[in-house]
Amino acid sequence: TTFIDGSLYLFAFLNVATTNLYASALAKGAIDNTTNKSNKSGVEEKPGEGVVRTAAKTSLYSGIGLMFFLLAVARPLIALYIGEEAAASPGLLDAAHEY
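Cut-offs and rules
Residues numbered from 1 in each chain as written. Predicted model: local features only at pLDDT ≥ 70, side-chain atom pairs only at ≥ 80, totals over all residues. Heavy atoms only, no water. Helix = DSSP H or I, 4+ residues; strand = E, 2+ residues; numbered from the N terminus. Buried < 20%, exposed > 50% of the residue type's maximum accessible area, 1.4 Å probe, protein only. Contact = heavy atoms within 4.5 Å. Areas by Shrake-Rupley, 256 points an atom, 1.4 Å probe, with all protein chains shown as cover. Salt bridge = Lys/Arg side-chain N within 4 Å of Asp/Glu carboxyl O. pLDDT = per-residue confidence, 0-100.

1. Observations concerning the overall build of the protein chain
Argument step 1. Of regular secondary structure, the protein chain possesses 5 helices and 2 strands.
Argument step 2. The order of helices and strands in the protein chain, counted from the N terminus, is α-α-β-β-α-α-α.
Argument step 3. Split into buried and exposed, the 99 residues of the protein chain put 13% on the buried side.
Argument step 4. The contacts in the protein chain between residues at least 6 apart in sequence include a share of 39% that link residues at least 24 apart.
Argument step 5. Per element, the accessible surface of the protein chain, about 7,600 Å² overall, is 65% carbon and sulfur.

Rendered as structure tokens:
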């Protein structure tokens, strides 16, 4: 869990950026007195919906990429984390990886 927690902190930028962009879109809609606007496809949407949609896609793609990365390098990372001597003991690395 330490590796997952640490890697998720890398994506804190998404939270900050989305909050700022969403607030800016809502404020711009309030200033322009518009409640709905047409997007590129011609579908009406509220101010900020495009920001949320983009952030959701970015977080989904980032999460999937992070999952595959961690699955690919989990065993070496766990071995590095628990140490060479502990990783050499039978079954410990397998149990840790399975957990």
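2. Overview of the pattern of salt bridges
Argument step 1. One pass over the full model with this rule turns up 1 salt bridge.
Argument step 2. A salt bridge links Asp 94 to Arg 75; the nearest nitrogen and oxygen atoms lie 2.6 Å apart. You can see Asp 94 sitting in helix α5 (residues 92-98) and its partner Arg 75 sitting in helix α3 (residues 49-82), a full 19 residues away along the chain.
Argument step 3. In this structure Arg 75 comes out as partly exposed when scored by relative accessible area, which is 34%.

3. Observations regarding the confidence of the model for the protein chain
Argument step 1. When pLDDT is averaged along the protein chain, the result is 80, and 86% of the positions lie at 70 or above.
Argument step 2. Mean pLDDT across the elements of the protein chain ranges from a minimum in strand β1 (residues 37-38), with 66, to a maximum in α3, with 86.

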